[in-house]
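Spelled out from the first residue to the last, the chains are:
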Amino acid sequence: MPIQQNRAESVEQLSQAIRTGHGVIVSVDAGRLWNDSRYDGGGHAISLISVSENGDRFIYSDTGVGCVGTISAQELGAVLTGRPANITTNIIR
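Residues numbered from 1 in each chain as written. Predicted model: local features only at pLDDT ≥ 70, side-chain atom pairs only at ≥ 80, totals over all residues. Heavy atoms only, no water.

Undergrad: What exactly am I supposed to notice about the overall build of the protein here?
TA: Counting secondary structure elements, the protein contains three helices and six strands. At 12 Å, the protein has a C-alpha radius of gyration in line with the 12 Å of a compact globule built from 93 residues. Reported as C-alpha extents along the three principal axes, the dimensions of the protein are approximately 35 × 25 × 25 Å. Relative to its 93 residues, the protein shows a buried fraction of 39%. In the protein, of all internal contacts separated by at least 6 residues, the share reaching a separation of at least 24 is 54%. Summed over its atoms, the accessible surface of the protein is roughly 5,500 Å², and 47% of this surface lies on carbon and sulfur atoms. For the protein, the distance from the average site of its 7 positive side-chain charges to the average site of its 9 negative ones is 5 Å. (Helix = DSSP H or I, 4+ residues; strand = E, 2+ residues; numbered from the N terminus. Rg over C-alpha atoms; globule rule 2.2 N^0.38 Å. Buried < 20%, exposed > 50% of the residue type's maximum accessible area, 1.4 Å probe, protein only. Contact = heavy atoms within 4.5 Å. Areas by Shrake-Rupley, 256 points an atom, 1.4 Å probe, with all protein chains shown as cover. Lys, Arg positive; Asp, Glu negative; His and termini not counted. Charge placed at Lys NZ, Arg CZ, Asp CG, Glu CD.)

Below you can see the structure in the form of structure tokens.
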């Protein structure tokens, strides 16, 4: 499936992509996401799979620890590494 790398994504743009049916994978700081200093600065990818109606909470899949979790938009913004997000060009419904 074709993807685009969005180098200037914001949490709001990620939310909009999810709401319109696109797949979204983002790069996060593993140490900050997992609250484990052993992994601070470690790049890690998670899939954003859903977002609340008001955009303040995301559901994500993290294969690194084998879980599905939730994260606030503010927390997500804090753990993003600034690397490009992978957002599918096509809708994946």
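Let's pick the thread back up.
Undergrad: Sorry if this is basic, but what is going on with unusual backbone geometry here?
TA: Its identity is not glycine, yet Asn-35 carries a phi of approximately 55°, on the positive side. Position of Asn-35 relative to the elements: it lies in the loop between helix H2 (30-34) and strand E3 (43-51). Taking the relative accessible area as the measure of exposure, Asn-35 reaches 71% and is therefore exposed.

Undergrad: I would appreciate a short explanation of the pairing of strand E5 (residues 67-72) in the present structure.
TA: Both faces of the sheet carry side chains from a regular strand, because those side chains alternate between them. Across six bridges, strand E4 (residues 57-62) lies against E5 in antiparallel orientation. When the sheet's bridge partners are listed, Asp-62 is paired in E5 with Cys-67. Hairpin connection from E4 to E5: four residues lie between these consecutive antiparallel strands, with Gly-66 at a positive phi of about 65°. (Pairing = 2+ DSSP bridges.)

Undergrad: Any chance you could explain the packing of aromatic side chains here in plain terms?
TA: Describing an aromatic ring pair means giving the distance of the ring centres and the angle of the ring planes. Applying the stated criterion across every chain yields a total of one aromatic pair. Between Trp-34 and Tyr-39, the aromatic rings sit 5.1 Å apart at their centres with planes inclined by 85°, giving edge-to-face as the arrangement. Accessibility expressed as a relative area gives 38% for Tyr-39, which makes it partly exposed. (Phe/Tyr/Trp six-rings, centres within 6.5 Å; stacked < 30°, edge-to-face > 60°.)

Undergrad: Sorry, what's going on with a nonpolar patch on the surface here?
TA: On the surface, Ile-49, Ile-59 and Val-68 cluster together into a nonpolar patch covering about 260 Å² of accessible area. Take Val-68: it is sitting in strand E5. (Patch = residues over 30% accessible without salt bridge, like charges linked within 9 Å, V, L, I, M, F, W, Y side chains within 5 Å. Salt bridge = Lys/Arg side-chain N within 4 Å of Asp/Glu carboxyl O.)

Undergrad: In this structure, what is going on with the nonpolar core? I would like to understand it.
TA: The nonpolar side chains of a soluble globular protein tend to be buried with one another. Counting 20 residues, the largest nonpolar core has Leu-14, Val-24, Val-26, Leu-48, Phe-58 and Leu-76 as the members making the most contacts within it. Considering each element in turn, this core owes the most residues, four residues, to helix H1 (residues 11-19). In this structure, Leu-76 is in contact with Val-11, Leu-14, Leu-48, Phe-58 and Ile-71, ignoring residues within four places of it in sequence. (Core = buried A, V, L, I, M, F, W, Y, C linked by side-chain atoms within 4.5 Å.)

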